[in-house]
Amino acid sequence: MSNVKLDFSNAGFQEKNIMEYKEQVEKIHNELNEKADDEKEFLGWLKLPTYYDRVEFIRIKKAAEKIKANSQVFLCIGIGGSYLGARAVIESLTHTFYNYKKNDTPQILYAGNNLSPNYINDLIDIIGDKDVCINVISKSGTTTEPAIAFRIFREFLENKYGIEEAKNRIYVTTDRKKGALKTLADEEGYETFVIPDNVGGRYSVLTAVGLLPIAVAGIDIDKLMLGAKIAQDKYNDSNLKYNECYRYAVVRNILYKNRKNIEILANYEPKMHYFTEWWKQLYGESEGKETKGIFPAGVDFTTDLHSMGQYIQEGRRNLFETVIRIEEPKSDITIKPDEDNLDGMNFVAGKTLDFVNKKAMEGTVEAHVNGGVPNIIISLAKLDEETIGELIYFFELACAVSGNLLGVNPFNQPGVEEYKKNMFRLLGKKS
């Protein structure tokens, strides 16, 4: 049974408009599946929930248990797809204040996603004398931000534990055969995990890239993969009429052609903030090419209704919203009456906070639709491993189809290299 359901009733057009894409979507579906087994294509994620490496999966779980046993801090070093997916899953499925709460699992901290000396020094300060393990994640090992962070924290570990013990606390996720990080890991004897050649970084959360940090946080990665497998089976259907994943891709492109070139992913649950960040990278890097693409933005409601709400309601009409609705909260609070009612809030007495939150969502959707902002609603049964696994696969597959409908390659990112060339030149790097 699916944990993810879609509602396009407020998108602003009819079913026949969607079905005009039927043949085009069927062609894309067939091409994706025909190329899925080609190691030269970046489609390894397509069948990953079925054919993931079971041997490495066991090693991931063993490494996670070892890390949980000997560490109070787990430092995840990576940028973009090398850390966003893991952070998205961890923050959506653990306690909201995970790092402040006493757990049986280590604090999860992140480095290598910026070049701020303040951030690094504050991170070293917060680690203090706690026992720590590191997972550095990079295909090449030469990406500037994580490479610098790893150099700093490798020295930190060696000074703290000595060279030999530091080796036992460093885990490397990188290319199977080549690259600077792979070479270093082999020379030093670090335990290594593989970033598959045919899985791009932003599609890699269900590989060792995401699974090791997720497992260290105490999340059941078997159930996460099961959710992705449910999605793989459900959406392996070329018929646009019944495939909600493909319908989402089509609806986005219809809206784009109607001059709606900004998509806002809105959630009403703070735990989903980093899931939005992961989604933004997935769609931004996949579709923003050749002066084309829907710009992916994100808001946390109801918080951002008091900042971005005015613009969404009455600003330029070039945007649409995709709203994530969580049907069943993990916990709830019933609001009590107050005899004096000085705040005038007794009209919500006896109602649950989740009920109020959902009415805020429904009222906002209605207001924005009436204000000319089309809305798509994605309903999740609840926040658990299976649901998040399903949602990850849903967005990955929809992104691949949407990019193809748009007429761009959703698996490369040539523009990312431009700033690096300028930065290296300004830093005096020799070519």
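This text gives an overview of the structure that appears in the document.

### What about the sheet that holds strand β6 (residues 191-194)?
At step 1: The strand order across the open sheet built from five strands is β3-β2-β4-β5-β6, with neighbouring strands paired in parallel fashion. Of all strands in the sheet, those bounded by a partner on one side alone are β3 (107-111) and β6. Within this sheet the neighbouring strands show an average axis-to-axis angle of 20°, counted without direction.
At step 2: Bridge count between strand β5 (residues 170-174) and β6: four bridges; the pairing is parallel. The residue of β6 that forms the bridge with Tyr 171 is Glu 191.

### Quick word on the packing of aromatic side chains
At step 1: Under the counting rule described, the total for this entry stands at 18 aromatic pairs.
At step 2: Ring geometry for Trp 45 and Tyr 203: centres 5.0 Å apart, planes at 20°, overall stacked. Of this pair, Trp 45 sits in the loop between α2 (22-35) and α3 (48-51) while Tyr 203 is found in the loop between β6 and α10 (208-216), placing the two residues 158 residues apart along the sequence. We note that Trp 45, like Tyr 203, is buried.
At step 3: The interplanar angle of 35° and the centroid separation of 5.6 Å between the aromatic rings of Tyr 248 and Phe 394 together place this pair among those described as tilted. Placement of Tyr 248 in helix α12 (residues 244-257) and of Phe 394 in helix α16 (residues 385-406) is noted, with a sequence separation of 146 residues between them.
At step 4: Among the aromatic residues, those joined into a cluster by ring pairs are Tyr 235, Tyr 248, Phe 275, Trp 278, Trp 279, Tyr 283, Phe 394 and Phe 395.

Cut-off values and rules
Residues numbered from 1 in each chain as written. Predicted model: local features only at pLDDT ≥ 70, side-chain atom pairs only at ≥ 80, totals over all residues. Heavy atoms only, no water. Pairing = 2+ DSSP bridges. Helix = DSSP H or I, 4+ residues; strand = E, 2+ residues; numbered from the N terminus. Axes fitted to C-alpha atoms, helices over the stretch in contact; angles between N-to-C directions. Phe/Tyr/Trp six-rings, centres within 6.5 Å; stacked < 30°, edge-to-face > 60°. Buried < 20%, exposed > 50% of the residue type's maximum accessible area, 1.4 Å probe, protein only.

Keep in mind these numbers describe shape, not what the thing actually does.
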